[in-house]
Amino acid sequence: MAAVGRNCHFRETKTPFRRKKMPFNLHWTLTVLIFIASRCSADEDHEMEEFLKREYSLSKPYQGVGSLGSSHWELMGDAMVTTDQVRLTPDKQSRQGAVWSRIPCHLNDWEMQVHFKIHGQGKKNLNGDGLAIWYTKERMQKGPVFGHMDNFTGLGVFVDTYPNEEKQLEAQKKRYTPRTQRIFPFVLAMVGNGTISYDHERDGRPTELGGCNAMVRNLKHDTFLFIRYIRRRLTVMIDIDGQHEWRDCLDIPGVRLPKGYYFGATAVTGDLSDNHDIISLKLYQLTVLRSKQEEEEQEEEITIPSVDNFELLRLGQTDEGMSAVAIFFTVFFSILGCIFLIVIGLVVYSHWHESRRKRFY
Ligand SMILES: *[C@@H]1O[C@H](CO)[C@@H](O)[C@H](O)[C@H]1NC(C)=O
Ligand SMILES: *[C@@H]1O[C@H](CO)[C@@H](O)[C@H](O)[C@H]1NC(C)=O
Ligand SMILES: [Ca+2]
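Basis of the calculations
Residues numbered from 1 in each chain as written. Chains lettered and ligands numbered in written order. Predicted model: local features only at pLDDT ≥ 70, side-chain atom pairs only at ≥ 80, totals over all residues. Core = buried A, V, L, I, M, F, W, Y, C linked by C-beta atoms within 7 Å. Buried ≥ 20, exposed ≤ 12 C-beta atoms within 10 Å, placed from the backbone. Helix = DSSP H or I, 4+ residues; strand = E, 2+ residues; numbered from the N terminus. Contact = placed C-beta atoms within 7 Å. Pairing = 2+ DSSP bridges.

(A) The nonpolar core, seen in detail. Membership of the largest hydrophobic core comes to 66 residues, with the highest contact counts inside it found for Val99, Val157, Val187 and Leu225. When residues of this core are assigned to their parent elements, the largest contribution, 6 residues, is made by strand 12 (residues 186-193). For Val187, the contacting residues outside a window of four places in its chain are Val157, Phe158, Val159, Gly211, Cys212, Ala214, Val236, Ile238 and Cys249.

Here's what the structure looks like:
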């Protein structure tokens, strides 16, 4: 693979996946959109173009990865390149491996498609620990967060295959309430600012932005993870059913990530293990039409990663019981409102009836 200049875009001839919302005629839509955008400000239904950026992508035949200093990707720890994959860890105990991009990414809006495979001899929940996809300030730093350092700065998306918290509670003969129990493997996203620690014993619950379960182990078909960062909105989707369709995992607005961070993938095994393979990392640049206001927002540079209203987000997630109460009150007051309206209606009607009767005589 030849080195590609920064401004050299490669237009994908066809999108590798069927997505539920696809622009039918991009040019036509764009023309209309530009027309609309020029007349009113923002348009939520953002159509866009995507370009594969080879310098941030990793795919077969992984030429030079791990051996040549000129490669865009660098290996670390137990990671190994074969003809079919970059194996971050083999199915052996206490391994740790990583592959890191050498080039900081300065794109505003991007999308990462991760083709990965997690497989091993262990039966369900006798395997571990999982892999992570990163966009962080730090690179090539060994540590406890799926093989990357703790208190990292930036975004981590984890495919956690071992339920630490559940096993710990089980050992203490405590049980989860069904409401809070989650099924593993679990995909989870976290934004770190350099001082936030990942709680491994609790599978990252205290700092999670959101997540979803994903039965990704020992599957015959291909499995994909999709991370999109557009207009400060973070979206994670998975395609693990072999249907070539993306399933929503999390979608969070107000995620502030600085530019110039590095993409990477890491994995770790402990007492329990798995093969953690990366088949490809494809990074697409997204070109998005922005309103004037958004342009101005884009101007103010982000230096520390953060998430708007993180506390509110956490509140909404942890107190799922609250939503049942909220639903009850909504219904209750709706019914109350209806009764009130009916009574008012009846009163008005009877008055009107009365006056009509009076007029009649
Ligand atoms: C990082 O986030 C934590 C928790 O939200 C906050 O208390 C802390 O001040 C932040 N640190 C920086 C450097 O912004
Ligand atoms: C991470 O940050 C926490 C609290 O901010 C601190 O207690 C801990 O020592 C830090 N860990 C590392 C590895 O720097
Ligand atoms: Ca775990």
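(B) Summary view of the environment of Leu283. As for its placement among the helices and strands, Leu283 is situated in strand 19 (residues 275-287). For Leu283 and Met112, which are 171 residues apart along the polypeptide, the C-alpha to C-alpha distance reads 4.5 Å. When sequence neighbours within four positions are dropped, the list of residues in contact with Leu283 reads Lys53, Tyr56, Ser57, Trp110, Met112 and Phe263.

(C) Expanded view of the pairing of strand 6 (residues 96-101). Most of strand 6 is tucked away, with 6 of its 6 residues classed as buried. The alternating pattern of strand 6 places Gln96, Ala98 and Trp100 on one face and Gly97, Val99 and Ser101 on the opposite face, and all of these are buried. Note: strand 3 (residues 73-77) against strand 6, 5 bridges, orientation antiparallel. What sits directly across from Gly77, in strand 6, is Gly97. Note that strand 6 and strand 18 (residues 262-268) share 5 bridges and pair antiparallel. By the bridge assignment for strand 18, Gln96 is matched with Val268.

(D) Expanded view of the environment of Val307. Within the secondary structure, Val307 sits in strand 20 (residues 306-307). Note on Val307: 22 C-beta atoms within 10 Å, which makes it buried. Each C-alpha atom of the pair Val307 and Leu209 lies 8.7 Å from the other, and the pair is 98 residues apart in sequence. Sequence-distant contacts of Val307, defined by excluding residues within four places in its chain, comprise Val191, Leu209, Ile252, Gly254, Val255 and Leu313.

(E) A look at unusual backbone geometry. Looking along the chain, the bond that leaves Lys60 and enters Pro61 is cis, with omega of 0°. Note on placement: Pro61 falls in the loop between strand 2 (49-52) and strand 3. Of note, the amide linkage connecting Gly128 to Asp129 takes the cis form, showing an omega dihedral of -10°. As for its position among the elements, Asp129 is in the loop between strand 7 (110-119) and strand 8 (130-136). At His244, a position not held by glycine, the phi torsion is positive, near 55°. One can find His244 in the loop between strand 15 (233-239) and strand 16 (247-252). Positive phi, close to 55°, is recorded for Asn309, a residue that is not glycine. Locating Asn309 in the fold gives a position in the loop between strand 20 and helix 4 (310-318).

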